[in-house]
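Structural features, examined
Single-letter residue listing:
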Amino acid sequence: EEEDRIIEFERPKVSFNDVGGMEKVKEEIRLKIIHPLEHPEIYKAYGKKIGGGILLYGPPGCGKTHLARATAGQIKSNFMAVGINEILDMWLGQSEKNLHAIFQKARQIKPCVLFFDEVDALGANRSDMRMSAGRHLINQFLNELDGIEQSNDGVLVLAATNAPWHLDPAFRRPGRFDRIIFVPPPDEAGRTAILEIHLRDKPVKDVDYLKIAQKTPGFSGADLEAVIDIAIEGKMEESMRKGIPLPIETNDLLKAVGKHRATTTEW
Ligand code: ATP
């Protein structure tokens, strides 16, 4: 039975404190999503419309998914992450029905942040075989998003894409994804914050975070995570030889930087 398919959701433990940099992006999300949810009566009093989604775009690994999850954590809501390509691949021929099931699930477990990754895959004008039913799927998605048959009250829709120009213009109408936010590669301050966040609960000694940040232009959040992983691996080997956990130091991280290539370029 399709309806019995398990649609996974979570209650995230991360919040905005776990997202480095992105101050402007966080502020937009507060205004558009968090404030309306926490103070609906004030929005109503001034005749401000609530609803509509936010489209995040930017290069891979720069924290779109992480930010969406942290948004849910920030408002203590549930979180569902759905890859559009996943829907297309796994549910060949059933995509529309399952898209509906996903929205229904989110409405059931509200408040819920419903996050769609790779959303451009929906509106792509591709000749892919699997996209032969593309128009139907887009219409289904837009109907669900408009919430005409069933209200989306308490369901906050975020979507991400690396290629906003592939997206069908119908997505951008008022009340749909009327806010588009660029999530850039982290700047120096952002990289410093990301490094601090990811080393927060690890054994460290006198780490010069700014120095590492200065040596890592073009590194995404995911790249910085990889650098930390490389440093930790080296440190663990050394620790096992010596029989005690040794703290990570600036030099360990600098060495690790040399072993990883940046995946973005500074904007
Ligand atoms: P994709 O387009 O590939 O889906 P994305 O923009 O969604 O990429 P994420 O998956 O959110 O990127 O980021 C990858 C990992 O990098 C995250 O799990 C997170 O730990 C880390 N990361 C990225 N940006 C940040 C940030 N600003 N603060 C803290 N961690 C970050």
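The coordinates are above.
Residues numbered from 1 in each chain as written. Predicted model: local features only at pLDDT ≥ 70, side-chain atom pairs only at ≥ 80, totals over all residues. Heavy atoms only, no water.

A closer look at the packing of helix α8 (residues 188-199) against helix α10 (residues 221-242)
Going by this rule: To obtain an axis, a line is fitted to C-alpha atoms, over the contacting stretch when the element is a helix, and the angle between two such axes runs from 0 to 180 degrees between their N-to-C directions. Comment: elements are numbered from the N terminus, with helices defined as DSSP H or I runs of at least four residues and strands as E runs of at least two. Angles are sorted into four bins: roughly parallel if under 35 degrees, roughly antiparallel if over 145, roughly perpendicular if 65 to 115, and oblique for all others. Each crossing is labelled by how the near helix is turned from the far one, with a counterclockwise turn of less than a right angle marking it left-handed and a clockwise turn marking it right-handed. Residue contacts are defined here by distance: any two heavy atoms, one from each residue, within 4.5 Å place the two residues in contact.
At a minimum axis separation of 10 Å, α8 and α10 run at an interaxial angle of 45°. One finds that α8 runs oblique with respect to α10. Classified by chirality, the crossing of α10 by α8 is right-handed. Two secondary-structure elements touch here, α8 through Arg191, Ile194, Leu195, His198 and Leu199 and α10 through Gly221, Leu224, Glu225 and Ile228.

Section: a negative patch on the surface
Filter applied, for reference: The residues that make up patches have over 30% relative accessible area and no salt bridge, and they are joined within 9 Å when like-charged or within 5 Å when they are Val, Leu, Ile, Met, Phe, Trp or Tyr. Each accessible area is a Shrake-Rupley result for a 1.4 Å probe, and residues are judged covered by the shown protein chains and nothing else. Any Lys or Arg side-chain nitrogen located within 4 Å of an Asp or Glu carboxyl oxygen qualifies as a salt bridge. In summary, the charge assignment counts Lys and Arg as positive and Asp and Glu as negative, without counting His or the chain termini. Throughout, a charge is located at the NZ atom of Lys, the CZ atom of Arg, the CG atom of Asp or the CD atom of Glu. Exposure classes here rest on a 1.4 Å probe applied to the protein chains alone. A residue is buried below 20% of its type maximum, exposed above 50%, and partly exposed in between.
A contiguous patch of negative charge, built from Glu225, Asp229, Glu233 and Glu237, is present on the exposed surface. Its relative accessible area of 40% is what places Glu225 among the partly exposed residues.

What about the side chain of Arg107?
The condition is simple: Identification of polar contacts relies on pairs of N or O atoms within 3.5 Å, with a donor-acceptor requirement for protein atoms, meaning one able to donate a hydrogen and the other able to accept it, and with residues adjacent in sequence counted only if both atoms are side-chain atoms.
The topology assignment puts Arg107 in helix α5 (residues 95-108). At 2.9 Å, the side chain of Arg107 and the side chain of Asn152 are in polar contact. In this view, Arg107 contacts Glu144, Gln150, Ser151, Asn152 and Val155; residues no more than four positions away in its chain are not counted.

Remarks on the sheet that holds strand β5 (residues 179-182)
Using the following cut-off: Any two strands between which DSSP finds at least two bridges are classified as paired.
Taking strand neighbours across the sheet as the criterion, the five strands line up as β2-β3-β4-β1-β5 in an open arrangement whose pairing is parallel. For this open sheet the edge positions go to β2 (78-83) and β5, each flanked by a neighbour on one side alone. Averaged over neighbouring strand pairs, the angle between their axes works out to 20° when direction is ignored. Direction of pairing for strand β1 (residues 54-57) relative to β5: parallel, over a ladder of four bridges. Following the sheet pairing, Tyr57 is matched in β5 by Phe182. Packing against the sheet, helix α1 (residues 23-38) makes contact with β1, β4 (155-161) and β5, and its axis sits at approximately 145° to β5. Against the sheet, helix α3 (residues 64-74) engages β1, β2, β3 (112-117) and β4, with an angle of about 170° to β3.

Examining the pattern of salt bridges
Across all of its chains, the model carries eleven salt bridges by this definition. Residue Glu10 is joined to Arg69 by a salt bridge in which the shortest nitrogen-to-oxygen separation is 2.9 Å. Here Glu10, found in the segment before α1, pairs with Arg69, found in helix α3; they are 59 residues apart in sequence, far enough to count as distant. Looking at Glu10, the relative accessible area reads 31%, which means it is partly exposed. The salt bridge partner of Glu144 is Arg107, with a shortest N-O separation of 3.0 Å. Here Arg107 lies in helix α5 and Glu144 lies in helix α7 (residues 134-146), a separation of 37 residues in the sequence. An identical accessibility class is assigned to Glu144 and Arg107; each is buried. Among the charged side chains, a network of salt bridges with common partners joins Lys235, Glu238, Lys242 and Asp252.

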